[in-house]
Amino acid sequence: MSAYLHVVHAELFKVLRKRRTYVLAGLWWGLLPALALIVGRLLHVNLAGGAFTADLGGIAEAVQTIASPFGLARIALVGPAYMSPTFYIIVVALLAALLIGEERGHAMWKTVLVAQPQRLAVMAGKVSVAMLVLGALMAGAALAGVLFGAFGTTFLPTDWSGAWSSLAGLFALQWAFSLAAVLFAFLMIFLFKNVALGVVTVFFLPGLLEGLYTLYRATVGFQPVNRLNVFFQAIQLQQRLEAAPQYFFTANLYAPARSPVTELMGALSTGGANVGADAFGQLLGSGITLPHAAAVMAGYALAFGLALFWRFARQDVD
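How each quantity is defined
Residues numbered from 1 in each chain as written. Predicted model: local features only at pLDDT ≥ 70, side-chain atom pairs only at ≥ 80, totals over all residues. Heavy atoms only, no water. Bend = angle between axes of the 7 residues up to and from the residue. Helix = DSSP H or I, 4+ residues; strand = E, 2+ residues; numbered from the N terminus. Axes fitted to C-alpha atoms, helices over the stretch in contact; angles between N-to-C directions. Left-handed = near helix turned anticlockwise from the far one by under 90°. Contact = heavy atoms within 4.5 Å. Nonpolar A, V, L, I, M, F, W, Y, C, P; charged D, E, K, R; others polar. Core = buried A, V, L, I, M, F, W, Y, C linked by side-chain atoms within 4.5 Å. Buried < 20%, exposed > 50% of the residue type's maximum accessible area, 1.4 Å probe, protein only. Salt bridge = Lys/Arg side-chain N within 4 Å of Asp/Glu carboxyl O. pLDDT = per-residue confidence, 0-100. Polar contact = N/O pair within 3.5 Å; in protein donor to acceptor, adjacent residues only side chain to side chain. Parallel < 35°, antiparallel > 145°, perpendicular 65-115°, else oblique.

1. Side note on helix 5 (residues 87–105)
At step 1: Within helix 5, the axis deviates most sharply at L98, by approximately 35°.
At step 2: Positive backbone phi, approximately 50°, marks A107, located one or two places after helix 5.

Now the structure itself:
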C-alpha cells in the first residue's frame, strides 16, 4: 500500500505542474459555461423582444434549460459527450500521454522502476491519478456551471430548480464509466510505444471499428441470405451481430452524459411532437439503458485492465 501511495503522490505532483492540465480545466470550467450563458442571454434578448413575444413562456423555459445553474451544470456533463472526438476522450488521452507516454519519451521507465520496483503498484498508481484528475475536472466543470448560472440569475429569468440529485448521479456514473477509457488509453499508448500513434488510436479506433460494422450492415446486411453472410446465418450469429451496436464501446461509454438528450428524444417520439425524433433517438443510442451500459463498461474495463497489467508486468521497458 505504501508503494502505491508513493506512486500516487509522485504522479499527482507531476500532473499538477503540467500546463495541459490547466488548459483543459480552463476550456471545461470557463469557456464552455461562458458560451452557454452567452447563448442563453442572446436567446432571451433577441427572441423575447421579437416575433416570439407571444410565446414568452416557451422562451423562458428554453433560457432556464440552457442558462440556469442546473442547466449549465448539465451542459458541463452533456456538452463534452457530443464533440468529435469527445472532450472526455481528449482528456483521457492527454492524461495517458502524460502518465505513460512521457516515461518512454524521456527514457524514464528504468528510473521509475528502480525507484519503485513493484510494477503493479506503479501502474495502479498511474491509473488512479488519471481517474482522480478526471474526477476533479468533472467536479470543477459542474461547480463552474453552477457559479456561472448563479451569476446569470442576476440578469436572466432563471432559478435554481432542477433534478440535482439525478444530475450528480449521472456525473458519478460518467466518471466511473471513464475507467474503461483510461485503461484503454493506457494500453494503446503503452503497446504502440509512440505517443502520437497511441493518441490517434485512442481517438479513432473505436469509432473506426463501429463505422466498419455500420457500413457492412448498410451495404451487405444480414438478410436475406447471400454468399457474403451465409456463414453467419449457418452458425446462428445473425441475431448477435444485429445486436452488436448495443455493445459498442462509445455508445455505452457516454450513456450517462447523453442520457438527458436521449430521454428528451424519447419523450418527443412518444408524444408525437417530432416525426423524426424516434430515428434521431436511435442514432444517439437511446435504446441503451444505464444498467446495460454499466455492465458493458465493466466488461470493457476488466478486459482492458487485465491486458494492461499483464503486459506491463511481463514486458521489458526502456
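2. Some words on the packing of helix 5 against helix 7 (residues 119–152)
A pair of packed helices can be characterised by two numbers: the angle between their axes and the separation between those axes.
At step 1: Contact pair helix 5 / helix 7: the axes reach a minimum separation of 10 Å and the direction vectors enclose 145°. In this structure, helix 5 meets helix 7 at a crossing whose hand is right-handed. Here helix 5 contributes Y88, V91, V92, L95, L99, I100 and E103 to the contact with helix 7, which in turn contributes M123, K126, V129, A130, V133, L134, L137 and M138.
At step 2: Of the residues contributing to the contact of helix 5 with helix 7, the split by class is 13 nonpolar, no polar and two charged.

3. Structural notes on the nonpolar core
At step 1: Core analysis: the largest hydrophobic core is formed by 69 residues, its most contacted members being W28, Y88, V91 and F186.
At step 2: Per-element tally for this core: the top contributor is helix 8 (residues 164–192), with 15 residues.
At step 3: With seven residues, the next largest nonpolar core counts L37, V63, A67 and L156 among its residues.

4. What about unusual backbone geometry?
At step 1: Omega for the bond connecting S84 with P85 falls within 30 degrees of zero, at -5°, which places this linkage in the cis form.
At step 2: The residue P85 is located in the loop between helix 4 (69–78) and helix 5 in this model.
At step 3: If you check the backbone angles, K193 has positive phi at about 60° while not being a glycine.
At step 4: As for its placement among the helices and strands, K193 is situated in the loop between helix 8 and helix 9 (195–219).

5. Topic: the pattern of salt bridges
At step 1: In total, this model carries six salt bridges according to the counting rule given.
At step 2: Its salt-bridge partner being E11, residue K126 comes within 3.1 Å of it at the nearest N-O pair. With K126 in helix 7 and E11 in helix 1 (residues 2–15), this residue pair connects regions lying 115 residues apart in the sequence. The two residues K126 and E11 agree in class, both being buried.

6. Things to note about the confidence of the model for the protein
When pLDDT drops low, the exact placement of atoms in the prediction is not to be read closely.
At step 1: Scored by pLDDT, the protein comes out at a mean of 84, with 81% of its residues at no less than 70.
At step 2: This stretch, residues 271–285, has a pLDDT under 50; its non-local contacts, to residues over four places away or in other chains, come to 14 contacts.

7. Digging into the side chain of S68
At step 1: Mapped onto the elements, S68 comes out in the loop between helix 3 (56–67) and helix 4.
At step 2: A polar side-chain atom of S68 sits 2.6 Å from the main-chain carbonyl oxygen of Q64.
At step 3: Setting aside chain neighbours within four positions, we find S68 in contact with V63, G149, T158 and D159.

8. Regarding the packing of helix 5 against helix 8
At step 1: Axis separation between helix 5 and helix 8 bottoms out at 9 Å; the angle between their running directions is 40°. The angle between the axes of helix 5 and helix 8 places the two elements in the oblique class. At the point where helix 5 passes helix 8, the crossing takes the right-handed sense. Within the contact between the two elements, helix 5 uses Y88, I89, V92, A93, A96, A97, L99, I100, G101 and R104 and helix 8 uses Q174, A181, V182, A185, F186, I189 and F190.
At step 2: Class assignment for the residues of the contact of helix 5 with helix 8 results in 14 nonpolar, two polar and one charged.

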